[in-house]
Amino acid sequence: MSRAFWGEKGSFMVGGMISLYLFGVICVKGVSASLSVISAISFILYGKMNGFKNTEATFDIGLMVFFAITLFLSQKDVQSTQKVQVFVAGLRMFIILLILIATVYIMKDIPHF
């Protein structure tokens, strides 16, 4: 559509802007997912959010795991792979269930609930 309005150069610019935006989104998602996973594992193992002694190394490991999973899933034809879709859908439902359980668990400690 951008080619119809702005020609070949406009189409190239719009493609570049979309690519830059998606790169930023995946970087932010990678950092936030890595921090969340590290905090969750630390809480499970040590009972506190910042239980790891070397947080830089664990953050790097979490980031590498996230990008490895992202790279693996981006190289597959996910549309035709029913097993991956079922797994991702089940994982999403499990995570939503965990979020609801965690919310109730946290709310029980708040005095006005």
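Quick caveat: nothing in here was measured; it's all calculated off a predicted structure. (Residues numbered from 1 in each chain as written. Predicted model: local features only at pLDDT ≥ 70, side-chain atom pairs only at ≥ 80, totals over all residues. Heavy atoms only, no water.)

Chemist: What is the right way to read the overall build of the protein from this model?
Modeler: Counting its regular elements, the protein contains 3 helices and 0 strands. For the protein, the N- to C-terminal ordering of α and β elements is α-α-α. Within the protein, the proportion of its 113 residues that are buried is 13%. Put simply, of all contacts in the protein between residues at least 6 apart along the chain, 38% involve residues at least 24 apart. (Helix = DSSP H or I, 4+ residues; strand = E, 2+ residues; numbered from the N terminus. Buried < 20%, exposed > 50% of the residue type's maximum accessible area, 1.4 Å probe, protein only. Contact = heavy atoms within 4.5 Å.)

Chemist: Would you mind going over the confidence of the model for the protein with me for this structure?
Modeler: Low-pLDDT portions of the prediction should not be read for the details of their coordinates. Taken as a whole, the protein shows an average pLDDT of 78; of its residues, 85% reach a score of 70 or greater. Here helix H2 (residues 55-75) stands out as the least confident element of the protein, with mean pLDDT 75; helix H3 (residues 82-107) is the most confident, with 85. (pLDDT = per-residue confidence, 0-100.)

Chemist: Honestly, the layout of surface pockets in this entry has me stumped. Any pointers?
Modeler: Remark: the empty space left among the atoms is shown by a probe the size of a water molecule rolled over them. By volume, the largest pocket is sized at about 1400 Å³. Surrounding the largest pocket, 39 residues form its lining, Ala33, Ser36, Val37, Leu91 and Ile95 being those nearest its centre. Of the residues that constitute the lining of the largest pocket, the class distribution is 29 nonpolar, 8 polar and 2 charged. (1 Å grid on protein atoms, 1.4 Å probe; cavity = no way out; pocket = protein on both sides within 12 Å on 5 of 7 lines; lining within 4 Å. Points joined across faces, edges and corners; volume = space filled by probe spheres on them. Nonpolar A, V, L, I, M, F, W, Y, C, P; charged D, E, K, R; others polar.)

Chemist: In this structure, what is going on with a nonpolar patch on the surface? I would like to understand it.
Modeler: Taken together, Phe87, Leu91, Phe94, Ile95, Leu97, Leu98, Ile99 and Ile101 make up a surface patch of nonpolar side chains, about 770 Å² in accessible area. The residue leucine 97 is located in helix H3 in this model. (Patch = residues over 30% accessible without salt bridge, like charges linked within 9 Å, V, L, I, M, F, W, Y side chains within 5 Å. Areas by Shrake-Rupley, 256 points an atom, 1.4 Å probe, with all protein chains shown as cover. Salt bridge = Lys/Arg side-chain N within 4 Å of Asp/Glu carboxyl O.)

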